[in-house]
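# An overview of the molecular structure
Here is what each chain is made of, one letter per residue.
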Amino acid sequence: MTLRTYVIRRLILIVPTFFFISMFVFALIHLAPGDPVLAMVRRNPPPPEVMAQIRRELGLDQPVYTQYLIWVGKVLRGDLGFSYVSYRPVWTMISEKVWNTLELMLVAEVVSVAIAIVLGVIAAVKHYSITDALCSLGALVGYSMPNFWMALMAILIFSMQLGWFPRYGMLTQGVTFATPFHALLDHLKHLVLPTAILVLGWTAYLFRMVRSSMLEVLRQDYITTARAKGLRERVVIYKHALRNALLPVVTYEAYSIGFLLGGAAVIENIFGWPGLGRLMVEQAGVRDYTTVMGLSMIIALMVLLANLCADIAYAVIDPRIRYD
Amino acid sequence: MIEPSCYERSNDFMPNRLSAKSKEETEEVFEPSKATQLYIVWRKLRRSELAVVGFGIVLAVSIVALVAPVIAPYGTGMVGRSRRPPSVEHWFGTDAAGRDMLTLVLYGARISLYVGLAAVFLNVMIGLAIGMVAGYFGGAIDEVLMRITDVILSLPELPLLIVTVTFFETRSIHVIVLVMGLIGWPFMARVVRGEFLAIREAAYVEAARSMGASSWRIIIRHILPNMFSTIIVIASMDIPWYILYEATLTFLGFGDPLSNSWGVLVQKGYLYLTSAWWMITFPGVALFFTSMGFNLFGDGLRDALDIRTRGR
């Protein structure tokens, strides 16, 4: 089987999984206690007849499976529904924020992968050294520290006390920038703190993974063989060991995109970053079921696609893996 | 972390012998009267300083949680002026309501430990039940249960917790724990099922069956005890997660504002980020140390019991 057929087959397999997930989340949202109509009109509850009318118009008087089928039919036509809490189409709300989240996550991802691989290899090669101990200690601190607390401390120190970085938003409000370059610079300044927090937490996990995976590979016979052949240590480590050590890291990477999304939700809320995570928290807070449902689907899709990418990357990195 | 090889360390508790023997052999010969499972695990755990530090932190937090009313300098009500910085009377300062922060942080240990332990307990119970049923019956039941498991596992945990928690009208700390239990079991179920299938094929299970042992007896007496070490390791590594999840949920406004958990304290301190740094710093440090203690302990336990887990 070629790589192409493999990718196509995996893409087709995503469809049933996606349906299962949508069924699960739909059931979770619609079987839960709490009246969405009441949540919608909370500020000014109309008379019961009007409430019943709204319920009928939204199809909420139908049984859950009918509602689900209606919902699926709409989604297949590209309509994620209309949020009666925000009075906007769900898709518009999501599409204007999805890139902000992706930007945050991608930058954090790239930086942490780079740091984690470099430090992980060094720590594994110099096992039991001071460097190893320091890196491991740093990782321990990184993954034990609550993400949101770390963010608050960073705000306290770097934007309140030192005033180095802005603490809120993506761009300074109410300022006209002389050139697009100035705007970009201002944006990058806003980006530093949120990504730094994500990177700190994320690198800690990845580092542990790279290090332990690397330690295991370095014990293998083929590493001894490579050394016995007289290869330079650099070649042994980067060509023979690292390539194999990265395999489990790749799977882990994809598995954890959901984890990173959760972290981003917290960070976006604290730094006022207008992304999906913040939207999720805000809309869940006001019980905007339609938006939450749409968001959950987008997030699930992102996770599934990340898993697919990992499987493909796995197959590309490791020639031993067959596609069947 | 820094794992000293068992070779050099075995010198420590056997100073008068050559340490040429393997560690298993040493344990069998040495003090056989004490060689209970617990003792063996403890001795392996003791080899790693970091694991011992972790155990110490966990123990200290547990003791604080138990005796909080005795050691706390004040009651949890208003005891002084509002938002005073740390001083001799109030080591951690006071909060906006004039309550002593040290007292609140000490009491907070009770809630955080309760959340961590109770949520993980629920996970283990549900995970055990579902994993065993799936492993035992196999076939369609297995297929359906594992499909559900995969679906929940593929959704990010924190957003899922947020979505689920919003459906509850009252969000007491027990509701939070319940939701965590309901959301968090799939990984445990998958592990239990895998272990079940592996152990079922073991020679000693076959031997028991050939002696006419009933299915129940095999499950309870032979399969279940052999899963314990895996379950305990995963459970101990999950506890800090749920402690931090509770704090995060609370911070985002989906928690129980009346519980005075560390998350609630941080959230309240957030309002006074600029004017009262102590309100946010000390509960956060408490969270950090507790989760670090559990992480170290869990890592040590994993190494001592020689279990392979996913690194979360």
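Cut-offs and rules
- One numbering rule holds for all chains: residues counted from 1, following each sequence as written.
- Labels are handed out in written order, letters beginning with A for the chains and numbers beginning with 1 for the ligands.
- In view of the model being predicted, local features appear only for residues whose pLDDT reaches at least 70, and side-chain atom pairs are presented and counted only at 80 or more, with totals across whole chains, interfaces and linings using the full set of residues.
- A run of H or I in DSSP counts as a helix once it spans at least four residues, and a run of E counts as a strand once it spans at least two, with each numbered from the N terminus.
- Remark: C-beta atoms are placed from the backbone, and a residue is labelled buried if 20 or more other C-beta atoms sit within 10 Å of its own, exposed if 12 or fewer do, or partly exposed between those counts.
- Remark: residues whose backbone-derived C-beta atoms lie within 7 Å of one another are considered to be in contact.
- By definition here, a helix of n residues has an expected span of 1.5 Å times n minus one.
- Any residue outside Ala, Val, Leu, Ile, Met, Phe, Trp, Tyr, Cys, Pro, Asp, Glu, Lys and Arg is labelled polar, Gly included; the first ten of those are nonpolar and the last four are charged.
- The predictor reports its confidence for every residue as pLDDT, a score running from 0 up to 100.
- The angle between two axes is taken between their N-to-C directions and runs from 0 to 180 degrees, where each axis is a line fitted to C-alpha atoms and a helix contributes only its stretch in contact.
- Geometric relationships in this document are graded by angle, where less than 35 degrees denotes roughly parallel, more than 145 denotes roughly antiparallel, 65 to 115 denotes roughly perpendicular, and other angles denote oblique.
- Crossing handedness is defined as follows: a turn of the near helix away from the far one that is anticlockwise and smaller than a right angle gives a left-handed crossing, while the clockwise case is right-handed.

### Considerations on the overall build of chain A
The number of helices and strands found in chain A is 13 helices and two strands. Dimensions of chain A along its principal axes, counting C-alpha atoms only, are 85 × 55 × 40 Å. Burial status across chain A gives 37% buried among its 324 residues. For chain A, the share of sequence-separated contacts (at least 6 apart) that also reach a separation of at least 24 residues comes to 73%.

### Concerning the overall build of chain B
Tallying secondary structure elements over chain B gives twelve helices and zero strands in all. Listed by position from the N terminus, the elements making up chain B come as α-α-α-α-α-α-α-α-α-α-α-α. Across the 312 residues in chain B, those meeting the buried criterion constitute 43%. Sequence-distant contacts, at least 24 apart, represent 66% of the contacts inside chain B between residues at least 6 apart.

### Quick look at helix 12 (residues 277–305) of chain B
With 29 residues, helix 12 of chain B extends 42 Å from end C-alpha to end C-alpha; this agrees with the ideal 42 Å at 1.5 Å per step. Extensive coverage of helix 12 of chain B is indicated by the burial of 24 of its 29 residues.

### Brief notes about the interface of chain A and chain B
Across the contact, 44 residues belong to chain A and 36 residues belong to chain B. Elements with a minimum of two residues in the side of chain A that touches chain B: helix 1 (3–31), helix 6 (130–144), helix 7 (147–161), helix 8 (180–218), helix 11 (257–271), helix 12 (276–285) and helix 13 (289–317) of chain A. A per-class count over the side of chain A that touches chain B returns 33 nonpolar, nine polar and two charged.

### What to know about the environment of Leu106(B)
Residues and elements named next belong to chain B. Summarising the element assignment, Leu106 is placed in helix 5 (residues 101–137). Taking the C-alpha atoms as reference points, Leu106 and Ile280, 174 residues apart in sequence, are found 14 Å from one another. Discounting chain neighbours no more than four positions away, the residues touching Leu106 are Val64, Ala68, Ile71 and Ala72.

### Quick notes on helix 11 of chain A
Note: α-helices contain 3.6 residues per turn, so residues at a spacing of three or four share the same orientation. All names here are of chain A. Taking 1.5 Å per residue as the helical rise, helix 11 with its 15 residues ought to reach 21 Å, and the 20 Å between its terminal C-alpha atoms agrees with that figure. Counting buried residues along helix 11, 14 of its 15 residues qualify, which places the element largely inside the surrounding structure. The positive-phi residue at the C-terminal boundary of helix 11 is Gly272, with phi of around 60 degrees.

### Considerations on the environment of Gly285(A)
All names here are of chain A. Here Gly285 is to be found in helix 12. Given 13 C-beta atoms within 10 Å, Gly285 falls into the partly exposed group. Through-space distance from the C-alpha of Gly285 to that of Pro146 is 22 Å; in sequence the pair is 139 residues apart.

### Topic: the confidence of the model for chain B
One rule of thumb: low pLDDT means the predicted coordinates there are not for detailed reading. Residue and element names in this part refer to chain B. Here chain B shows a mean pLDDT of 80. Residues at 70 or above account for 87%. The secondary-structure element of chain B with the lowest mean pLDDT is helix 1 (residues 6–13), recorded at 37, while helix 5 shows the highest, at 90. Of the two predicted TM-score estimates for the complex, the pTM is 0.83 and the ipTM is 0.83.

### Quick look at unusual backbone geometry
The phi dihedral of Tyr128(A) is positive, around 70 degrees, even though this residue is not glycine. Note on placement: Tyr128(A) falls in the loop between helix 5 (90–125) and helix 6. Here Tyr128(A) falls in the exposed class, since 12 other C-beta atoms lie within 10 Å of it. Non-glycine residue Asn260(B) carries a positive phi angle of around 55 degrees.

### Thoughts on the packing of helix 1 of chain A against helix 4 (residues 64–76) of chain A
Residues and elements named next belong to chain A. One way to put it is that helix 1 packs onto helix 4 with a least axis distance of 11 Å and a crossing angle of 130 degrees. The angle between helix 1 and helix 4 places the two elements in the oblique class. Here the hand of the crossing between helix 1 and helix 4 comes out right-handed. Here helix 1 contributes Met23, Phe26, Ala27, His30 and Leu31 to the contact with helix 4, which in turn contributes Val64, Gln67, Tyr68 and Trp71. In terms of residue class, the contact of helix 1 with helix 4 is built from seven nonpolar, two polar and no charged.

### Describing the environment of Asp318(A)
Here Asp318(A) is to be found in the segment after helix 13. Spatially, the C-alpha atom of Asp318(A) lies 7.5 Å from that of Leu247(A), the residues being 71 residues apart in sequence.

### Observations regarding the packing of helix 11 of chain A against helix 13 of chain A
Residues and elements named next belong to chain A. Interhelical geometry of helix 11 versus helix 13 gives an angle of 140 degrees and a closest axis separation of 9 Å. Relative to helix 13, the element helix 11 lies oblique. Where helix 11 approaches helix 13, its residues Ile257, Gly258 and Leu261 are matched on the opposing element by Ile299, Met302, Val303 and Ala306. A per-class count over the contact of helix 11 with helix 13 returns six nonpolar, one polar and no charged.

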